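What follows is the residue order along each chain.
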Amino acid sequence: MKQDHKHLIVLAGPTASGKTATAIALAQTLGTAILSADSRQCYREMTIGTAKPSPEELAAVPHYFINSHSITDNLNAGDFERLGLAYAQELFARRDVAVVCGGTGLYIQALCSGIDEMPPVNKDIEAGLHQLYQENGLAWLQATTRKEDPDFFATAEQDNPMRLLRALVFKRSTGKSILHFRKGIKKERPFHIHKFALDLPRPVLYQRIDQRVTHMMAEGLLDEVRQLLPYRHLKSLNTVGYAELFAYLDGRYSLERAVELIKQHTRNYAKRQLTWFRKDPEFEWLPATGAVQAIIARLQHLR
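Here we summarise the structure given alongside this text. Note that the coordinates shown come from a computational prediction; the quantities given were computed from them, not determined experimentally.

### Digging into the overall build of the chain
Here's step 1: The helix and strand tally for the chain stands at twelve helices and six strands.
Here's step 2: In terms of C-alpha radius of gyration, the chain reaches 19 Å, essentially the compact-globule figure of 19 Å for 303 residues.
Here's step 3: Each principal axis of the C-alpha distribution contributes one length, and for the chain these read about 55 × 45 × 35 Å.
Here's step 4: Taking all 303 residues of the chain together, the buried fraction comes to 49%.

### Brief notes about the nonpolar core
Here's step 1: One finds Leu 8, Leu 35, Phe 65, Ile 108 and Tyr 242 to be the most contacted residues of the largest nonpolar core, which totals 48 residues.
Here's step 2: Counting residues per element, the ones that place at least two in this core are β1 (7–12), α3 (77–92), β4 (97–101), α4 (105–113), α8 (202–219), α9 (221–227), α10 (243–249) and α11 (255–278).
Here's step 3: Among the elements that take part in this core, α3 stands out by supplying seven residues, more than any other.
Here's step 4: Of all hydrophobic cores here, the second largest spans 20 residues; its members include Ile 34, Leu 198, Leu 286 and Ala 294.

### Quick look at the environment of Ala 143
Here's step 1: Its location among the elements puts Ala 143 in helix α5 (residues 123–148).
Here's step 2: Once the C-alpha coordinates of Ala 143 and Phe 153 are considered, the two residues, ten residues apart in sequence, prove to be 9.5 Å apart.

### Observations regarding the packing of α5 against helix α7 (residues 161–174)
Here's step 1: Relative orientation of the contacting elements α5 and α7 amounts to 95°, with a least axis distance of 9 Å. What the angle tells us is that α5 and α7 run roughly perpendicular. From α5, Ile 125, Glu 126, Leu 129, His 130, Tyr 133, Leu 138, Leu 141, Gln 142, Thr 144, Thr 145 and Glu 148 reach across to α7, where they touch Pro 161, Met 162, Leu 164, Leu 165, Leu 168, Val 169, Lys 171, Arg 172 and Ser 173.
Here's step 2: For the contact of α5 with α7, the per-class residue count stands at eleven nonpolar, five polar and four charged.

### Looking at the packing of aromatic side chains
Each pair of aromatic rings is reported with the distance of its centres and the angle of its planes.
Here's step 1: What the rule picks out here adds up to seven aromatic pairs.
Here's step 2: Their ring planes at 50° and their centres at 6.5 Å tell us that Phe 65 and Tyr 107 sit as a pair that is tilted. With Phe 65 in the loop between β3 (63–64) and α3 and Tyr 107 in helix α4, this pair connects stretches of sequence that are 42 residues apart. Residues Phe 65 and Tyr 107 agree in their burial class; the two are buried.
Here's step 3: Taken together, a centroid distance of 4.8 Å and an interplanar angle of 15° make the contact between Phe 80 and Tyr 107 stacked. Here Phe 80, found in helix α3, pairs with Tyr 107, found in helix α4; they are 27 residues apart in sequence, far enough to count as distant.

Thresholds applied
- Residues numbered from 1 in each chain as written.
- Predicted model: local features only at pLDDT ≥ 70, side-chain atom pairs only at ≥ 80, totals over all residues.
- Heavy atoms only, no water.
- Helix = DSSP H or I, 4+ residues; strand = E, 2+ residues; numbered from the N terminus.
- Rg over C-alpha atoms; globule rule 2.2 N^0.38 Å.
- Buried < 20%, exposed > 50% of the residue type's maximum accessible area, 1.4 Å probe, protein only.
- Core = buried A, V, L, I, M, F, W, Y, C linked by side-chain atoms within 4.5 Å.
- Axes fitted to C-alpha atoms, helices over the stretch in contact; angles between N-to-C directions.
- Parallel < 35°, antiparallel > 145°, perpendicular 65-115°, else oblique.
- Contact = heavy atoms within 4.5 Å.
- Nonpolar A, V, L, I, M, F, W, Y, C, P; charged D, E, K, R; others polar.
- Phe/Tyr/Trp six-rings, centres within 6.5 Å; stacked < 30°, edge-to-face > 60°.

Shown next as structure tokens:
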């Protein structure tokens, strides 16, 4: 049963669209806290490459699910569903409104609608496939997934390595396609959900992404990645900004080429985020400038 006076405001959008600053301003206006829905900012060891909020931003309003775990925890969307609901319950015990901010679409879906329960996978198979992907690249991953799970591949985001890897791990671990475990039943939540997403012209977004990567390198991303070399086999580190610099440290790319690839792969990721969120008709898209005022205007009854 819904608690009519409890409201979850979701602020989503592609990377570098201004979600962090907007969410902080929104939470300050509403006198509440922020629950992060980012699959990497929760890890203490990954800071620069995840564009984590600065210490000043984290101090401006309370944040949940940032710096809360170690990379060795290897969380997934099911873990976030459980954690996110617990965080929301804690927040709603003291406040009527909570803000969710993040760009990981599957985590937002897990929190708002739930996700299908999946059987455990073989961790050795998972680690081995992630290693093979790092060594052989996306074309190998696409060809392997097409061969071993053609039904999934036919409808998959074929340029999304995380989705392909996940499907391949399930196929090899269980002998069945991941499609077999998907039921798509939406779970009811005991609070109201309001979904907003930030929209920027594509050229502006891509320029901001390139500038962010340049800033990350100046802030010491390479040193951060170098310190994480002993853990490079972990799934949490098989992500944009880290994988390319691991390859540079292996001697596969020049540093200049690695940085170019980070920018390119981040732009590709932003495009996938836009595709994901636009498939959800519950999202209202807002210009990044003035988004706080627009959200408040649409939620006057929460004031």
